[in-house]
Amino acid sequence: MQTRANACKRFNGSSRAFLNRNSDASNELALQRTRRSLAKKQRDKSSSTGTEIVKWNQKISHLMRNGRWESAFQIFQRMPRRTTVSWNAMISGYLMNNRADLAQQIFEEMPERDLVSWNIMISGHVRGKKLQAARLLFDRMPQRDVVSWNSMLSGYGQNGYVDEAREIFDRMPVKNSISWNGILAAYIQNGRFEAACQLFDSVSQWDIVSWNAMMAGYVQKKRLDDAHALFDRMPERDLVSWNTMISGYAQMGKLSEARKLFEESPERDVFTWTALVSGYVQNGFLDEARRIFDEMPERNCVSWNAIIAGYVQNGRMDEAKKLFDEMPSKNISSWNTMITGYAQNGDIDSARRLFDEMQQRDSVSWAAMIAGYSQGGCSEEALRLFIEMERDGERLNRSSFTCVLSTCADIAALDCGKQVHGRLVKAGYEMGCYVGNALLAMYCKCGSIDEAYDVFKQMPEKDVVSWNTMITGYARHGFGKEALKIFESMASTDITPDDVTMVGVLSACSHTGLIDKGIKSFYSMKQMYNIEPKAEHYTCMIDLLGRAGRLEEAYSLMKSLTYEPDGTMWGALLGASRMHGNTQLGEMAAERIFEMEPKNAGMYVLLSNLYATSRRWTDVDKMRLYMRERGVSKVPGFSWIEVKNKVHTFSVGDSLHPDKEKIYAFLEELDLQMKKAGYVSATKMVLHDVEEEEKEHMLRHHSEKLAVAFGILTIPTGRPIRVIKNLRVCEDCHNAIKHISKIVGRLIILRDSNRFHHFEGGFCSCGDYW
């Protein structure tokens, strides 16, 4: 029994052990199954989540490409999980939409950055020309690849920092063809062509892109022989190689060489044909250009625009319009070419019709129309269009600003010009020569010489036009000494005076009676600046001597010329003769002028004034008869003034202005006060043999007096009154406005056809020497 009991125990123990082992195995199997199930679920979940993340990232990129960066950010915020790709998509998108600030913010918030993240940010800063920010990031990078180095290299090269580009190039641990092409392009594009040649010759293996770049550099330098030598050395050529040479010869006017290469070219594309067409157009062979154009197997917009531009440049607008209408597809440039052509040829209505038909316009379209109105004398329409351009949301470019500033200058709309100046500053344009010179001219022509000088001082760079504008501005305002000071300052710069500079200097001396200084400047031009005196300089000298009463010297200078004096010189002598009452010399000068310029109404008036001063009324009547017989009409005198952004125009005895009664009443009151102060009407200037009282009445309502009176009535005290006249101010008005300035205590600035007069306290800046 004991043995059986022990056997049972052993069996039961073995049984339990077996069952336990079986149970453990079963549990292990179940656990493995559970783990596998969980792992599968995790993989499925991960796969599902990964697919979702890809979709989210794609959505972000799509929104960014369409400019909807705010919506992209909302998607980014809602993402349950983000990968580095998600962050990079946001950074890239912000940079694409010119929001470098937000891109930088996202970049700094990234939990983990990869090399792509750094490269995206650096490339974005480079595209935005924020090279300092790009370099700071580049220096912080934990690791760099060739893309990082090439981004910095191209950034420096494209923005003119050649030395910095070379420093990056030399430090690169690994260089590829993009690196070599990048440093070569940096040298070529920034004018260091000799360095580019040395680099190119120092390396034996270049790809075809580099060969083409060097060849294009030679072409840009107009070194076509060197370009052709390189072309002949090329181990292989592609279409770009042939097109570069054909285009280079065509642009330089070497059309036979261009045509020879064209015929030899193994293949041609639309650019090849267009280069030849453009070459013939640019060199005046329009009919041959048209023949080639008609042979073209295919054409693009550039081809059409090239031939249309040829017809436009030659004033053949009907043929240009016919081609324009035939174009299968027009781009903005096509429309702009036609608009510019019509505007430059004086057909502003046709230009405007095309402008109104455009489905899309750019800043060039607006600038072309504004320039057309401005050059056509439609100043108010030009200003109106400028305002409309702003409302339309079109970005104002330098050309638009310059055209409008020129318009403001032409009509002396100073307040409008100041507003344009403010918008220009707000738009972020630097005061470079192009914009700065337009501002200078505007302030000078609008009679605000102090503000012109402020702009001049603020200009970081000045070219010869800047200096000339300031010198001429001071001269026309009667501030000859200030003009000469500017000229002396110019001598301390590396800007060399040109013939325009010397015209300004001589005019300054002439208008302010600096006779000796003017004579010395004239005779030192050749010796000091290698400037040969031209007709303009001789005219200034005749004017200078004539105003000083040295008429015989002026006439002797004219007789010493190796060529026949022109009408302007004789006009200066006639003006001086009238000023000093030399009828004999005045008649001789007028006779010469009438031979050369029989329709010059101003000269008939000058001679009539001379006769009237001498009380030779029969000769005055003869002048009127000559004018009628020869179909010469006297240019009517107009004066205008800008008040509250509106230009008010007056003619002599104006009866159309809505405030005429108030103006005439005020002039009557002023006339009484002026006579008490000693004013006497210059009735000798009236070209009619009538009673003195009638002459006084005729002088009282000249256009400049009406404009001055209106200005005093409407412009707040303390502000200058600026009036423009299209003709020379008469002696009586000049005398009257001196008295008016003292009576009302106002600064009155009058611009006539010759110069500016600053009236203040009973005196004029010209010193009665005009």
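Residues numbered from 1 in each chain as written. Predicted model: local features only at pLDDT ≥ 70, side-chain atom pairs only at ≥ 80, totals over all residues. Heavy atoms only, no water.

A. Looking closely at the overall build of the chain. Looking only at helices and strands, the chain has 40 helices and 6 strands in total. Rg of the C-alpha trace for the chain: 40 Å, well past the compact-globule value of 27 Å for 770 residues, more than 25% over. Each of the three principal axes of the chain carries a C-alpha extent, and together these read 175 × 65 × 55 Å. When the 770 residues of the chain are sorted by exposure, 47% land in the buried category. Sequence-distant contacts, at least 24 apart, represent 59% of the contacts inside the chain between residues at least 6 apart. Accessible surface computed for the chain: about 39100 Å², of which carbon and sulfur atoms make up 50%. (Helix = DSSP H or I, 4+ residues; strand = E, 2+ residues; numbered from the N terminus. Rg over C-alpha atoms; globule rule 2.2 N^0.38 Å. Buried < 20%, exposed > 50% of the residue type's maximum accessible area, 1.4 Å probe, protein only. Contact = heavy atoms within 4.5 Å. Areas by Shrake-Rupley, 256 points an atom, 1.4 Å probe, with all protein chains shown as cover.)

B. Quick look at the state of the cysteines. Inspection of the entire model under this criterion finds 0 disulfides. For the unlinked cysteine C416, the closest cysteine sulfur is that of C408, found at 3.6 Å. Relative accessible area serves as the criterion here: at 16%, C416 is assigned to the buried category. (Disulfide = S-S within 2.5 Å.)

C. The pairing of strand β5 (residues 756-760), seen in detail. Here β5 lies mainly inside the structure; 4 of its 5 residues are buried. In this structure, strand β4 (residues 748-751) lies alongside β5, joined through 4 bridges in antiparallel fashion. Within β5, the position partnered with I748 by the bridge is F759. What sits between the antiparallel neighbours β4 and β5 is a turn of 4 residues. Two strands pair when backbone bridges link them, and β5 and strand β6 (residues 763-764) are joined in this way by 2 bridges, in the antiparallel orientation. Its bridge partner being in β6, E760 is matched across the sheet by F763. In sequence, β5 turns back onto β6 through a hairpin of 2 residues, with G761 there showing a positive phi of about 65°. (Pairing = 2+ DSSP bridges.)

D. Region of interest: helix α17 (residues 301-313). For α17, built from 13 residues, the straight-helix expectation of 18 Å at 1.5 Å per residue is met to within 8% by its first-to-last C-alpha distance of 18 Å. Along α17, 11 of the 13 residues are buried, which leaves the element largely enclosed by surrounding structure. Restricting attention to buried positions, one finds in α17 the residues C301, S303, W304, N305, A306, I307, I308, A309, G310, Y311 and V312. On the buried face of α17, the contacting elements are α15 (270-282), α16 (286-295), α18 (317-326) and α19 (332-344). Here α17 starts with a cap whose side-chain oxygen sits 3.1 Å from the backbone nitrogen of V302, and that cap is N300. Where α17 ends, the next residue or the one after it, G315, has phi of about 75°, a positive value. (Expected span 1.5 Å × (residues − 1). Polar contact = N/O pair within 3.5 Å; in protein donor to acceptor, adjacent residues only side chain to side chain.)

E. Quick look at the nonpolar core. Ranked by internal contacts, the top residues of the largest apolar core, which has 202 residues, are M214 and I307. The contact partners of M214, leaving out residues within four places of it in the chain, are L184, I188, F193, A196, C197, F200 and L230. (Core = buried A, V, L, I, M, F, W, Y, C linked by side-chain atoms within 4.5 Å.)

F. Focus on the packing of aromatic side chains. Counted according to the given criterion, the structure contains 21 aromatic pairs. Taken together, a centroid distance of 5.7 Å and an interplanar angle of 90° make the contact between W180 and W206 edge-to-face. Remark: W206 occurs in the loop between α10 (193-202) and α11 (208-220) and W180 occurs in helix α9 (residues 177-189); sequence separation between them is 26 residues. Judged by centre distance (4.9 Å) and plane angle (85°), the rings of F262 and W273 are edge-to-face. Of this pair, F262 sits in helix α14 (residues 255-264) while W273 sits in helix α15, and the two are 11 residues apart along the sequence. Each member of the pair, F262 as well as W273, carries the same accessibility label: buried. Members of the aromatic cluster, each reached through a chain of ring pairs, are Y453, F456, W467 and Y474. Its end group placed over the ring of F76, R82 keeps NZ or CZ at 4.2 Å from the ring centre. Note that K175 overlies the ring of F169, its terminal NZ or CZ placed 5.0 Å from the centroid. (Phe/Tyr/Trp six-rings, centres within 6.5 Å; stacked < 30°, edge-to-face > 60°. Lys NZ or Arg CZ within 6 Å of the ring centre and 35° of its normal.)

G. Seen up close, the sheet that holds β5. Overall, mixed pairing links the 6 strands, which are arranged β2-β1-β3-β4-β5-β6 in an open sheet. Both outer strands of the open sheet, β2 (646-651) and β6, are each paired with one neighbouring strand and no more. As paired elements, strand β3 (residues 721-725) and β4 share 4 bridges and run parallel to each other. Each bridged residue has a counterpart across the sheet, and for I721 the counterpart in β4 is I748.

H. Molecular detail of the packing of α9 against α10. For the pair α9 and α10, the least separation of the axes is 7 Å and the interaxial angle reads 150°. It follows that α9 is roughly antiparallel to α10 by the angle criterion. Packed against α9, whose contacting residues are W180, I183, L184, Y187 and I188, the element α10 presents F193, A195, A196, L199 and F200 at the interface. Partitioned by chemical class, the residues of the contact of α9 with α10 number 10 nonpolar, no polar and no charged. (Axes fitted to C-alpha atoms, helices over the stretch in contact; angles between N-to-C directions. Parallel < 35°, antiparallel > 145°, perpendicular 65-115°, else oblique. Nonpolar A, V, L, I, M, F, W, Y, C, P; charged D, E, K, R; others polar.)

I. Highlighting the pattern of salt bridges. With the rule as written, the count across this model stands at 39 salt bridges. Ionic pairing is found between D543 and R547, a salt bridge with its closest N-O pair at 2.7 Å. Of this pair, D543 and R547 both sit in helix α31 (residues 535-547), separated by 4 residues, roughly a single helical turn. The buried category is assigned to D543, whose relative accessible area is 19%. Residue R550 pairs with E553 through a salt bridge whose shortest N-O separation is 2.8 Å. Take E553: its relative accessible area is 40%, and that puts it in the partly exposed class. A single network of salt bridges, built from pairs that share partners, joins R259, E263, R268, E288, R291 and E295. (Salt bridge = Lys/Arg side-chain N within 4 Å of Asp/Glu carboxyl O.)

J. The arrangement of the environment of K660 in detail. Relative to the helices and strands, K660 is located in helix α37 (residues 660-676). On the basis of relative accessible area, K660 is assigned to the partly exposed category, the value being 29%. Between the C-alpha atoms of K660 and L706, which are 46 residues apart in sequence, the distance is 8.7 Å. With residues up to four places along the chain from it excluded, the contact list for K660 reads D654 and S655.

K. Main features of the side chain of T469. In this structure, T469 sits in helix α27 (residues 464-476). Residue classification places T469 among the buried residues on the basis of a relative accessible area of 17%. Those residues in contact with T469 that lie beyond four places of it in its chain are L440, A441 and C444.

L. Spotlight on unusual backbone geometry. Residues other than glycine seldom take positive phi values, yet K129 does so here, at roughly 60°. With respect to the helices, strands and loops of the structure, K129 is situated in the loop between α5 (115-127) and α6 (131-140). Positioned with a positive phi, K222 is a non-glycine residue whose angle comes to about 60°. Considering the arrangement of structural elements, one finds K222 in the loop between α11 and α12 (224-233). Given the relative accessible area of 57%, K222 is considered exposed.

M. Inspection of the confidence of the model for the chain at higher detail. Per-residue pLDDT for the chain averages 84, and the proportion of residues at 70 or more is 90%. Here helix α38 (residues 692-700) stands out as the element of the chain with the lowest mean pLDDT, 54, in contrast to helix α39 (residues 703-714), whose mean of 95 is the highest. Residue range residues 1-5 is modelled with pLDDT below 50. Its contacts to residues more than four positions away, or to other chains, number 0 contacts. (pLDDT = per-residue confidence, 0-100.)

N. Representation of helix α8 (residues 162-171) in the model. Among all positions of α8, only V162, A165, I168 and F169 are buried. The buried side chains of α8 occupy one side of the element, clustering within an arc of 120° when seen end-on. Taken together, the buried residues of α8 touch α6, α7 (146-158) and α9. (Arc of directions from axis to C-beta.)

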